[in-house]
Amino acid sequence: MSDADAKPIKPANKRGAARLAAVQALYQMDVGGTPLLEIVAEYETFRLGQEVDGETYRDADAAWFRDVVSGVVRGQTEIDPLIHTSLTPDWPLARLDTTLRAILRAGTYEVMNRKDVPVAVIVTEYVDVAKAFYSEDEPRLVNAVLDRIARRSRGEGRGTS
């Protein structure tokens, strides 16, 4: 395959990178109890677009990152019950692992509060984030839960119930 036949490389999706970083930050806050301002400062100074332990973090939309992380923290008393009621009774929110909770919280925040972004875009982006961490059923769970939440909070979504 010649260079002319190669597909052009897409520039990094700065919002997608911000979403992934937000999930990582929310995970770190949940597991380590790191305060909001400290985690935001750490990511903006040392991680977004930087190299950490040999891994290069993609350049991210820092404002989007801040909005998602702080929005989840501010709205968690509304977000968690909405996620809980969108899960099946045998899988309550507390039973989900920390990464999956962080993905669902960030996605739910965006569905509820970022009306400027289509539901399909939000769901697709967070399913992609889930695929970065999981290869089994979790991406489908993220898709189903965020779709249910979108139907409840925006009257949009793929299903009818």
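Refer to the structure above for everything that follows.
Thresholds, definitions, all that
- Residues numbered from 1 in each chain as written.
- Predicted model: local features only at pLDDT ≥ 70, side-chain atom pairs only at ≥ 80, totals over all residues.
- Heavy atoms only, no water.
- Salt bridge = Lys/Arg side-chain N within 4 Å of Asp/Glu carboxyl O.
- Buried < 20%, exposed > 50% of the residue type's maximum accessible area, 1.4 Å probe, protein only.
- Helix = DSSP H or I, 4+ residues; strand = E, 2+ residues; numbered from the N terminus.
- Axes fitted to C-alpha atoms, helices over the stretch in contact; angles between N-to-C directions.
- Left-handed = near helix turned anticlockwise from the far one by under 90°.
- Contact = heavy atoms within 4.5 Å.

Structural notes on the pattern of salt bridges
Taken as a whole and assessed by the stated rule, the structure comprises nine salt bridges. Here aspartate 137 makes a salt bridge to arginine 140, at a shortest N to O gap of 2.3 Å. The class of aspartate 137 is partly exposed, set by a relative accessible area of 46%. Take arginine 140: its relative accessible area is 56%, and that puts it in the exposed class. Ionic pairing is found between arginine 151 and aspartate 147, a salt bridge with its closest N-O pair at 3.2 Å. Residue arginine 151 and its partner aspartate 147 are both found in helix 6 (residues 138-154); the two are separated by four residues, about one turn of the helix.

A short note on the packing of helix 1 (residues 14-32) against helix 3 (residues 62-86)
Look at helix 1 against helix 3: their axes get within 8 Å of each other, and the N-to-C directions meet at 35°. The crossing of helix 1 and helix 3 is right-handed. Facing helix 1, whose interface residues are Arg15, Ala18, Arg19, Ala21, Ala22, Ala25, Leu26 and Met29, helix 3 presents Trp64, Phe65, Val68, Val69, Val72 and Val73.

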